[in-house]
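Residue-level listing of the chains:
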Amino acid sequence: MYGTIARIKIDPTKSEDLKALADTMATPPGQVARYVYQMDANPGVHFLVAVFESKEAYWANAHSPEQNERFMQLRALLLEDPEWHDGAIVSAA
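Residues numbered from 1 in each chain as written. Predicted model: local features only at pLDDT ≥ 70, side-chain atom pairs only at ≥ 80, totals over all residues. Heavy atoms only, no water.

*Asks:* Sorry if this is basic, but what is going on with the packing of aromatic side chains here?
*Replies:* Ring pairs (aromatic) are described by centroid distance and by the angle formed between their planes. If you walk through the whole model with that rule in mind, you get four aromatic pairs. Taking the centre distance of 5.3 Å and the plane angle of 55° together, the rings of Tyr2 and Tyr58 count as tilted. Here the residue Tyr2 occupies a position in strand β1 (residues 2–9), and Tyr58 occupies one in helix α2 (residues 55–62), the gap between them amounting to 56 residues. Judged on exposure class, the residue Tyr2 and its partner Tyr58 are both buried. Both rings, one in Phe71 and one in Trp84, keep their centres 6.3 Å apart while their planes meet at 50°; by these two values the pair is tilted. Taken together, the residues Phe71 in helix α3 (residues 65–75) and Trp84 in strand β4 (residues 83–88) connect sequence positions 13 residues apart. (Phe/Tyr/Trp six-rings, centres within 6.5 Å; stacked < 30°, edge-to-face > 60°. Helix = DSSP H or I, 4+ residues; strand = E, 2+ residues; numbered from the N terminus. Buried < 20%, exposed > 50% of the residue type's maximum accessible area, 1.4 Å probe, protein only.)

*Asks:* Would you take a moment to explain the nonpolar core for this structure?
*Replies:* The tendency in soluble globular proteins is for nonpolar side chains to be buried as a group. Ala6, Ile8, Ile10, Leu18, Leu21, Met25, Leu48, Leu74, Leu77 and Leu78 form the largest nonpolar core, which has 10 residues in total. Among the elements of the structure, β1 and α1 (15–24) are those that each provide at least two residues to this core. Contact partners of Leu48, with chain neighbours within four places excluded, come to Thr4, Ile5, Ala6, Ile8, Tyr35, Val36 and Leu74. Membership of the second largest hydrophobic core comes to five residues, among which are Tyr2, Phe52, Ala57 and Tyr58. (Core = buried A, V, L, I, M, F, W, Y, C linked by side-chain atoms within 4.5 Å. Contact = heavy atoms within 4.5 Å.)

Structure follows, in structure tokens:
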């Protein structure tokens, strides 16, 4: 499995908009799971986690026009660009 973790900053008043957007996003081919965490210490900081069945499926999605459209919707809610961390999943329970 392969995926990404993104640290995002959002105006806390837009958290419900973020949740609504996440709830309406289609699941791209090869995606196994998607999570959004809101931090207790700072409600304006969220972490997005996307899990894909393979690195190839992840990169196919990352370069698709559909993902670009989803990203632009997300980016409109953010205070700054996300901080992305891509990598292989080496352990999962």
